[in-house]
Number of protein chains: 2
Amino acid sequence: MVNGAQAVIRTLVDAGVDVCFANPGTSEMHFVAALDDVPEMRAVLTLFEGVATGAADGFARMAGRPAATLLHLGPGFGNGWANLHNARRGRAPVVVVVGDHALAHKRLDAPLESDLDALAGAVGWVRRSLTPGTVGDDVADAVGAATRGQVATLVLPADVSWSSGASPGVAPRPRARPQVPDPTALAHTLDAGTVLFLGGDALTADALLAAARVAAGTGARLMAETFPARMARGAGLPDVPKLPYPPGPALAALEGVRQLVLVGAPAPVAFFAYPDVPGSFVPEGCRVDVLTEPGESALAALAALAEAVGADPVLAEAAVPAVPDAPLDARVLADVVAAVLPERAVLVDESLTSGFALFPATAGSPRHDVLSLTGGAIGDGLPMAVGAAVACPDRPVLAVQADGSAMYTLQALWTMAREQLDVTVLVCDNGAYAILAGELENVGAAAGGERAGRLLDLGSPSLDFVALAAGMGVPGVRVTTGPELAGALRTAFAEPGPHVVDAVLPRP
Amino acid sequence: MVNGAQAVIRTLVDAGVDVCFANPGTSEMHFVAALDDVPEMRAVLTLFEGVATGAADGFARMAGRPAATLLHLGPGFGNGWANLHNARRGRAPVVVVVGDHALAHKRLDAPLESDLDALAGAVGWVRRSLTPGTVGDDVADAVGAATRGQVATLVLPADVSWSSGASPGVAPRPRARPQVPDPTALAHTLDAGTVLFLGGDALTADALLAAARVAAGTGARLMAETFPARMARGAGLPDVPKLPYPPGPALAALEGVRQLVLVGAPAPVAFFAYPDVPGSFVPEGCRVDVLTEPGESALAALAALAEAVGADPVLAEAAVPAVPDAPLDARVLADVVAAVLPERAVLVDESLTSGFALFPATAGSPRHDVLSLTGGAIGDGLPMAVGAAVACPDRPVLAVQADGSAMYTLQALWTMAREQLDVTVLVCDNGAYAILAGELENVGAAAGGERAGRLLDLGSPSLDFVALAAGMGVPGVRVTTGPELAGALRTAFAEPGPHVVDAVLPRP
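- Looking at an unreviewed UniProt entry, chain A carries the name Acetolactate synthase-1/2/3 large subunit, with the source organism given as Klenkia soli.
- The heading Sequence similarities (unreviewed entry) in the UniProt record of chain A holds the text "Belongs to the TPP enzyme family."

Below, the structure written as structure tokens:
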């Protein structure tokens, strides 16, 4: 018999959840103390809960299994909520352990009392553990829920944590994704009017290769969802375009499509509504078929289809651009990244407007994985880079990060320094919320006046990312040309530990 | 007739809500555009939603009226949630305008879709505005709800914002606080066994002076709640101690009390539960009377009591310590602050462990107001300083800020620089979550092992607050002795605009 906290950590470790991104408070002190009793658990301190939850998101995407996060009551959960939203949208498994007041203390309405269950319930599965005798099984259930592709929260009252009489629970073994009964039923409906719309696990390397064979055999086109949780890319894989983000190009990309086959992706909708623009991007009269729902095995279905109607696929050749000898802009930045990206890199893409050229430029780069902003809640990029680096210590991580979004969870740099993670942060420093300037036009708002413009501008004062990085123990350098950027990135990839490269772009 | 966004801003301004702390996204672009149509609204950009909501909290405490915040869908609300929790706990009026998807877009489950209403409902009043024809009245109702001392959220769908056919609503005039029918009923029960337990509006200067007369006339003691939203202090006011935070000293402070009279404060409870420590601090057998509930007029009740049983009060004399010629520690820091605090300062206190000596030291300093951490959600200090400075441009603001908590919402520095707010940030730089080391003992957890200790340590790498401040355009200086700190604070108070003073304290 152990105390509740010890049973929680032991249950997690036994279920393969052996990393915990933590920002604890008083109600979590027994959990913290128990870390010395269960040394298999690696605890990674973050300076803000949004870093902890985003790191768990990135970890799950790369490791394919959940990390835990340790948060502090309702406000701590609130601080971590946005990146749990991103995890939910990407179906990334995350186990949240959140401390709460002792059972008898709840009714006293102490200052930190709040409706924690409402916050947790709004983003996934939630269980309040009520006795030391059941806490091990409660944790096991939470791990089980998480491995079904969701955020699972265990609310852990302080006295359940500190009381003895607990024992570890046993989490269910993760199930393989279910296979659809007859994946080839659609085989003979596919032709040049078809788009296979790929998301989730249809974007692994093997699934993409199978999809490419289907495309080659039927004439169907391949297209990826706009913000994949994880997508394999590079030379030797099919060069699959993403559905564009802006409504105009998105509608154009799907114009004339006769059949949309969804493979692990929901039907395409506009990210936001705009006056006089349709919310659904499915063309009128287009037939929508579902090959696999999110959570089902896209690989099995695509492989069966390829077996039935496949042919030799067209794959991207190894080809990278030269480093442009020019001042930086978004295109030069993209070419440099494509030119220097190392083999097996993890590219965390929260570049937003500055990254529009990045995706096409890197199609022929060495094989890599791309993680993108699944839920639209900015501030997941740097935390995800932390989690990806912890999950894959043998792979270089490159975070291509918009400047405004970087400021949401910049504290991630400190954890990179403390853990000496091999992360290169490339800040796309254009000094503005550039995406909003475009959106101001898209929504039909009057061309912004001076006061509106001031709300989209990150100048006055300018952010100095080299100083900010230094303040958190990360070396940084500012670059303004293609060759400077290439040199800085090559140095960062060659040296261990984190680096910040502040790429100064034209102001919009 | 105007569009929804214009009606929202016009209604706010007409109701006296003329400051908006904003972090907008696409769904708020019409609100942003409308700022140029209603120039009476001052929009203050923040780089993170927690800064916007904390600034609104600080503004409300100092201005006595709500500011608005502008947030972006569920994730933006999540990012701002913790400081709204603090506002709720301090009964600070805040109007939250949060953009959401257009009405017809909700069912499409776009990436940013989430249960926003659950988040908002968990922290206060919430209304989803459904038509341009009603949006003005909806805003007016939100302002009315906020002025009753709560967080009031208006969910503003994008199309309600962009559609025409709206007109401004009229918010109810704020009501004065209700008076209790017979405040003198308790008069003859008060004696030396009585503690008047003061909170909320019982901590204004006038209410404190009335309370001091009651104390002088009856022998009753005065005590303030542990974390007041706003408390008047300094020479010429009674020196009222606060109920200590740690359970042992708190129980000792109330030992032997026969009668506790609550004036604008809830009955005292422990901030957290601890093994074998009572959750309520009310001594056994102690009678609890309520003079005024939070929200009722403590001033009127105390004035009536003073009229009935008051006598000449004992008030704090003007007396400040000398600047100690010694290396910094928490006591030296407190003496220096007390020695140099300017007349009419706003002292935002999120100093936590480093500030234990601050409160007694400043009793004889020039008159000032103290804002403290009402809801226990760290990261409100720097944002509140932003809001206080916007509310009171003619008063110096001093934020005494723990280092770990500073890192939650450090982006506030950028807004201080942009708006050139007269804020001095004194970072209590002890390189640790020092409060948690104490809590690890309080909860009875085993003396922390090496792995536990690492989760409470902010070193490796050390944070460099001077570099971090420089990165956001704020000048900073590092100090290690009493005279250096005094000099740096005097310079900061004398110069306009924000300053950071990084006070290096002994590591715990």
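That was the structure; now back to the text.
### Describing empty space enclosed by the protein
And then number 1: Here the structure, examined in full by the defined rule, presents 11 cavities of 30 Å³ or more.
And then number 2: Space inside the largest cavity adds up to approximately 90 Å³.
And then number 3: Around the largest cavity, the lining residues are A:Met407, A:Leu410, A:Gln411, A:Leu468, A:Met472, B:Met407, B:Leu410, B:Gln411, B:Leu468 and B:Met472.

### Observations regarding the packing of aromatic side chains
And then number 1: Scanning the entire structure with this criterion turns up 13 aromatic pairs over all chains.
And then number 2: On the basis of an interplanar angle of 80° and a centroid distance of 5.6 Å, the ring pair of A:Phe48 and B:Phe48 is categorised as edge-to-face. Placement of the pair is A:Phe48 in the loop between strand S2 (42-45) and helix H3 (49-63) and B:Phe48 in the loop between strand S3 (42-45) and helix H3 (49-63), with the two residues belonging to separate chains.
And then number 3: Residue class for A:Phe48 comes out buried when judged on its relative accessible area of 1%.
And then number 4: Put simply, the rings of A:Phe48, A:Tyr408, B:Phe48 and B:Tyr408 pair up and form one aromatic cluster.
And then number 5: One residue, A:Arg233, lies across the ring of A:Phe359, its end atom 3.5 Å from the ring centre.

### A few points about the UniProt feature "domain: Thiamine pyrophosphate enzyme N-terminal TPP-binding" (unreviewed entry) in chain A
And then number 1: UniProt tags residues 3-107 of chain A as "domain: Thiamine pyrophosphate enzyme N-terminal TPP-binding" (unreviewed entry).
And then number 2: Helix and strand shares over residues 3-107 of chain A are 47% and 19% respectively, and the end C-alpha atoms of the span are 24 Å apart.

### As for the interface of chain B and chain A
And then number 1: At the interface, 98 residues of chain B touch 99 residues of chain A.
And then number 2: A combined buried area of about 7,800 Å² lies between chain B and chain A, and 66% of that area is made up of carbon and sulfur atoms.
And then number 3: Among the ionic pairs, A:Arg418 bridges to B:Asp457, the shortest N-O distance being 3.2 Å.
And then number 4: At the boundary of chain B with chain A, the tally comes to 48 residue pairs in polar contact (both at pLDDT 80 or more).
And then number 5: Those elements that provide at least two residues to the side of chain B that touches chain A are helix H2 (29-34), S3, helix H4 (73-89), helix H5 (116-121), helix H15 (412-418), helix H16 (434-442), helix H17 (450-454) and helix H18 (465-471) of chain B.
And then number 6: Looking at the side of chain B that touches chain A, the element that brings in the most residues is H4(B), giving 10 residues.

### So, the sheet that holds strand S7 (residues 194-198) of chain A
Residues and elements named next belong to chain A.
And then number 1: The strand order S8-S7-S10-S11 describes an open sheet built from 4 strands, whose pairing is parallel. Edge strands, defined here as strands with exactly one partner in the open sheet, are strand S8 (221-224) and strand S11 (287-292). Geometrically, the sheet is characterised by an average inter-axis angle of 25° between neighbouring strands, direction not taken into account.
And then number 2: Judged from the 4 bridges that link them, S7 and S8 form a sheet pairing that is parallel. Opposite Leu198, over in S8, you have Ala224 as the bridge partner.
And then number 3: Sitting on the sheet, helix H10 (residues 298-309) is in contact with strand S10 (259-263) and S11, with an inclination near 110° to S11.

### Observations concerning the sheet that holds strand S2 (residues 19-22) of chain B
Residues and elements named next belong to chain B.
And then number 1: Taken in spatial order, the 6 strands make up an open sheet running S3-S2-S4-S5-S7-S6, and their pairing is parallel. The open sheet has two edge strands with one neighbour each: S3 and strand S6 (125-128). Across this sheet, the average inter-strand angle for adjacent strands is 20°, counted without regard to direction.
And then number 2: With 4 bridges joining them, S2 and S3 adopt parallel strand pairing. Paired with Ala22 across the two strands is Leu45, which belongs to S3.
And then number 3: Along the sheet, H3 makes contact with S2, strand S4 (67-72) and strand S5 (94-100), crossing S4 at roughly 170°.

### A few points about the domain arrangement of chain A
Residues and elements named next belong to chain A.
And then number 1: Split by domain assignment, chain A resolves into domain 1 (4-162), domain 2 (184-309) and domain 3 (330-504).
And then number 2: Domain 1 and domain 3 are separated by 29 Å when their C-alpha centres are compared.
And then number 3: Listed per partner, the contact involves 25 residues of domain 1 and 28 residues of domain 3.
And then number 4: Buried area between domain 1 and domain 3, summed over both chains or domains, comes out near 2,000 Å², and the portion from carbon and sulfur atoms is 67%.
And then number 5: A salt bridge links Arg61 to Asp380; its shortest N-O distance comes to 3.7 Å.
And then number 6: Connecting domain 1 to domain 3 are 10 residue pairs in polar contact (both at pLDDT 80 or more).

### Examining the environment of B:Asp191
All names here are of chain B.
And then number 1: Relative to the helices and strands, Asp191 resides in the loop between strand S8 (164-166) and strand S9 (194-198).
And then number 2: Assessed through its relative accessible area of 31%, Asp191 is described here as partly exposed.
And then number 3: Apart from residues lying up to four places away in sequence, Asp191 is in contact with Thr218, Gly219, Ala220 and Arg258.
And then number 4: Of the polar contacts made by the side chain of Asp191, one reaches the side chain of Arg258; its length is 3.1 Å.

### A word on the relation of the copies chain B and chain A
And then number 1: The transformation that overlays chain B on chain A combines an axial shift of 0.0 Å with a rotation of 180°, and the residual RMSD is 0.0 Å. A rotation of that kind, with that shift, is consistent with a two-fold axis.
And then number 2: Looking at chain B, 100% of its interface residues are interface residues in chain A too, so the copies touch through the same face.

### With respect to the pattern of salt bridges
Residues and elements named next belong to chain A.
And then number 1: On inspection of all chains with the given rule, the structure shows 50 salt bridges over all chains.
And then number 2: The salt bridge partner of Arg61 is Asp57, with a shortest N-O separation of 2.9 Å. Residue Arg61 and its partner Asp57 are both found in helix H3; the two are separated by 4 residues, about one turn of the helix.
And then number 3: Of the residues examined, Arg61 reaches a relative accessible area of 7% and is grouped as buried.
And then number 4: Given a relative accessible area of 0%, Asp57 falls into the buried group.

### Brief notes about unusual backbone geometry
And then number 1: Here A:Ser460 and A:Pro461 are connected by a cis peptide whose omega angle stands at -5°.
And then number 2: Locating A:Pro461 in the fold gives a position in the loop between helix H17 (450-454) and helix H18 (465-471).
And then number 3: Of note in the backbone geometry, A:Ser460 takes a positive phi value of approximately 50° without being a glycine.
And then number 4: Mapped onto the secondary structure, A:Ser460 falls in the loop between H17 and H18.
And then number 5: In the Ramachandran plot, B:Leu73 falls in the positive-phi region, its phi being about 50° despite a non-glycine side chain.
And then number 6: Summarising the element assignment, B:Leu73 is placed in helix H4.
And then number 7: With a relative accessible area of 0%, B:Leu73 lands in the buried category.

Scoring rules and cut-offs
- Residues numbered from 1 in each chain as written.
- Chains lettered and ligands numbered in written order.
- Predicted model: local features only at pLDDT ≥ 70, side-chain atom pairs only at ≥ 80, totals over all residues.
- Heavy atoms only, no water.
- UniProt positions renumbered as here; feature names shortened; annotations may be inferred.
- 1 Å grid on protein atoms, 1.4 Å probe; cavity = no way out; pocket = protein on both sides within 12 Å on 5 of 7 lines; lining within 4 Å.
- Points joined across faces, edges and corners; volume = space filled by probe spheres on them.
- Phe/Tyr/Trp six-rings, centres within 6.5 Å; stacked < 30°, edge-to-face > 60°.
- Helix = DSSP H or I, 4+ residues; strand = E, 2+ residues; numbered from the N terminus.
- Buried < 20%, exposed > 50% of the residue type's maximum accessible area, 1.4 Å probe, protein only.
- Lys NZ or Arg CZ within 6 Å of the ring centre and 35° of its normal.
- Contact = heavy atoms within 4.5 Å.
- Buried area = accessible area lost by both parts, 1.4 Å probe.
- Salt bridge = Lys/Arg side-chain N within 4 Å of Asp/Glu carboxyl O.
- Polar contact = N/O pair within 3.5 Å; in protein donor to acceptor, adjacent residues only side chain to side chain.
- Pairing = 2+ DSSP bridges.
- Axes fitted to C-alpha atoms, helices over the stretch in contact; angles between N-to-C directions.
- Domains from an automatic or database assignment.
- Least-squares fit on C-alpha atoms with pLDDT ≥ 70 in both.

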